[in-house]
Amino acid sequence: MANTRVTTPVTDLDKATSLPGLKLPSGTNANQPSGVQGMIRNDTGETTGSSASAIEHHNGTNWQYFAATESAVPVLVDYVIVGGGGGGGGYNGGGGAGGVRSTLTETGGSIGTLETILSLSVATPYAFTIGAGGTGGRQNSIASSSGGLTSFNGIESLGGGRAATHPNVNQAGNGGSGGAGNSYYAATQAAGGTGQSNQGYAGGDATAKAAPGYTAPGGGGAGGLPVTQTNAVAGNGGTGVDITWNPSNLAIGGGGGGGAYTPGGTAGTASHGGADGFYGATGANATALTGGGGGGAGYGNPNAHPLASNGGSGAIYLKYPKSFNISLDSGSSVTTEDSTHKYTTITGGTGNVEFTQ
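Given the structure is predicted, the values throughout are model-derived calculations rather than measurements.

Draft legend 1. Examining the overall build of the protein more closely. Helices and strands together make up the secondary structure of the protein, namely one helix and 18 strands. Out of the 357 residues belonging to the protein, those deemed buried represent 46%. Relative to all contacts within the protein whose residues are 6 or more apart in sequence, the contacts with residues 24 or more apart total 54%. Surface exposure of the protein reaches about 16,000 Å², of which carbon and sulfur atoms provide 52%.

Draft legend 2. Layout of the packing of aromatic side chains. For the structure on display, the rule yields six aromatic pairs. Residues Trp245 and Tyr317 carry aromatic rings whose centres are separated by 5.5 Å and whose planes lie at 85° to one another, so their mutual orientation is edge-to-face. Of this pair, Trp245 sits in the loop between β12 (241-243) and β13 (250-252) while Tyr317 sits in strand β14 (residues 315-321); the two residues are 72 residues apart in sequence, bridging distant segments of the chain. You can call Trp245 buried: its relative accessible area is 9%. Connected via pairs of aromatic rings, a cluster forms that spans Tyr91, Tyr214, Tyr261 and Tyr299.

Draft legend 3. Region of the structure containing the nonpolar core. Counting 19 residues, the largest nonpolar core has Val77, Leu120, Phe152, Ile316, Leu318, Tyr320 and Phe355 as its most contacted members. Elements that contribute at least two residues to this core include exactly β5 (75-82), β8 (118-120), β9 (126-129), β14 and β18 (350-356). Ignoring any residue separated from it by four or fewer positions in sequence, one finds Phe152 in contact with Ile81, Leu118, Leu120, Tyr126, Ala127, Phe128, Ile316, Leu318 and Val353. Among the nonpolar cores identified, the runner-up in size contains 14 residues, and Val80, Val100, Tyr317 and Tyr343 belong to it.

Draft legend 4. Region of interest: the side chain of Asn246. Take Asn246: it is sitting in the loop between β12 and β13. A relative accessible area of 18% places Asn246 in the buried class. Here the side chain of Asn246 touches Thr336 through a polar contact of 3.1 Å, side chain to side chain. In terms of polar contacts, Asn246 uses its side chain to reach the backbone carbonyl oxygen of Glu337, at 3.4 Å. If sequence neighbours within four positions are ignored, Asn246 has contacts with Thr336, Glu337, Asp338 and Tyr343.

Draft legend 5. Geometry of the sheet that holds strand β4 (residues 63-65). On the basis of which strands lie adjacent, the open sheet formed by four strands has the order β1-β2-β3-β4 and mixed pairing. The open sheet is flanked by β1 (26-27) and β4, the only strands paired with a single partner. In terms of strand pairing, strand β3 (residues 54-58) meets β4 through three bridges, oriented antiparallel. Counted as the bridge partner of His57 is Gln64 from β4.

Draft legend 6. A look at the environment of Tyr261. By the element assignment, Tyr261 lies in the loop between β13 and β14. Look at Tyr261 and you get buried, because its relative accessible area is 13%. Between the alpha carbons of Tyr261 and Tyr214 there is a distance of 5.2 Å; along the sequence they are 47 residues apart.

Draft legend 7. Representation of the environment of Ala97 in the model. Structurally, the position occupied by Ala97 is in the loop between β5 and β6 (100-102). Here Ala97 falls in the buried class, since its relative accessible area comes to 0%. Along the chain, Ala97 and Ala202 lie 105 residues apart, while their C-alpha atoms are 9.7 Å from each other.

Draft legend 8. Examining the sheet that holds β9 more closely. Taking strand neighbours across the sheet as the criterion, the five strands line up as β11-β10-β9-β18-β15 in an open arrangement whose pairing is antiparallel. A strand with exactly one partner marks an edge of an open sheet, and here the two such strands are β11 (155-157) and β15 (325-328). Each neighbouring strand pair of the sheet contributes to a mean axis angle of 25°, computed without reference to strand direction.

Draft legend 9. Fine view of unusual backbone geometry. Of note, the amide linkage connecting His166 to Pro167 takes the cis form, showing an omega dihedral of -10°. Along the polypeptide, Pro167 turns up in the loop between β11 and α1 (186-189). Here Asn246 and Pro247 are connected by a cis peptide whose omega angle stands at 10°. Relative to the helices and strands, Pro247 is located in the loop between β12 and β13. Within the chain, Asn198 stands out as a residue other than glycine whose phi angle is a positive 65°. For Asn198, the location among the structural elements is in the loop between α1 and β12. Residues other than glycine seldom take positive phi values, yet Tyr214 does so here, at roughly 45°. Tracing the sequence through the fold places Tyr214 in the loop between α1 and β12.

Here is what the cut-offs are and how they apply
Residues numbered from 1 in each chain as written. Predicted model: local features only at pLDDT ≥ 70, side-chain atom pairs only at ≥ 80, totals over all residues. Heavy atoms only, no water. Helix = DSSP H or I, 4+ residues; strand = E, 2+ residues; numbered from the N terminus. Buried < 20%, exposed > 50% of the residue type's maximum accessible area, 1.4 Å probe, protein only. Contact = heavy atoms within 4.5 Å. Areas by Shrake-Rupley, 256 points an atom, 1.4 Å probe, with all protein chains shown as cover. Phe/Tyr/Trp six-rings, centres within 6.5 Å; stacked < 30°, edge-to-face > 60°. Core = buried A, V, L, I, M, F, W, Y, C linked by side-chain atoms within 4.5 Å. Polar contact = N/O pair within 3.5 Å; in protein donor to acceptor, adjacent residues only side chain to side chain. Pairing = 2+ DSSP bridges. Axes fitted to C-alpha atoms, helices over the stretch in contact; angles between N-to-C directions.

Okay, structure coming up:
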């Protein structure tokens, strides 16, 4: 038969101060009763926290104290996760930007619906991977490659799609943002790659462009579509996004600009970390940690076609209350802070993150 610990006359556990009421026996260690299982008392010979007494219970053998345990404070984390940018095409269009997922408001472009702030626990490992930028292609010989996937705690931003490479080396790739299609032999490589919803936009579709430039389209950006090219002016890469950060704003996720086949054409430009398209021997790569798409290469000497630009590497940006610290078991990171928050950029590698307080 079960023992009844609260008897029938107790009808209200929410009474104002009055008598009669439920009473808790009180005493010191010296006058503890022998006790039976289920008994509780207030021991005035012990302390807990700032109190001069402690509640104890009898477990059937001994008197024991109730543990006073605080609930762990969650770590509220805003994040920006950027995939690696796609490589530019040679001779061809711009690479697509890496996908961007963010809990923070963007300006200068829109990736769509914002993500939900994370509520994480201290002393718990959270896995991360930083996506590399894709490599640029070379006309007639080397395919461009798409950017790598970046992830944190299971949240993934796709790498940017590669640009097509002239004439039939590879097709434009899909990704966070899509790579640009071909232009000079557009009949077989006209379509740009698709972008991922809430991460980026499609790459530029090409048509067979004519003199003076035989220009190529731009790659898709995390914040918008690329500009359509004309015969004389290659397509600009799609815009990226600006996000308030410390110590300066993030400018990330720009698509690569398209290349121009002849000196009579103007190469496309890029923003937000993407690389400009170019004509001639050398073009700059997209900016690291932005996920920018690589620029498309212009035509060069048939025996020395230039390589198109590489895409920019991805990154993870974490914003969390200043009272917490962060550590990585591998990889690399940089942390700054303001009066209320810390800002950690995970710049490379694969591993785990832990928060401490």
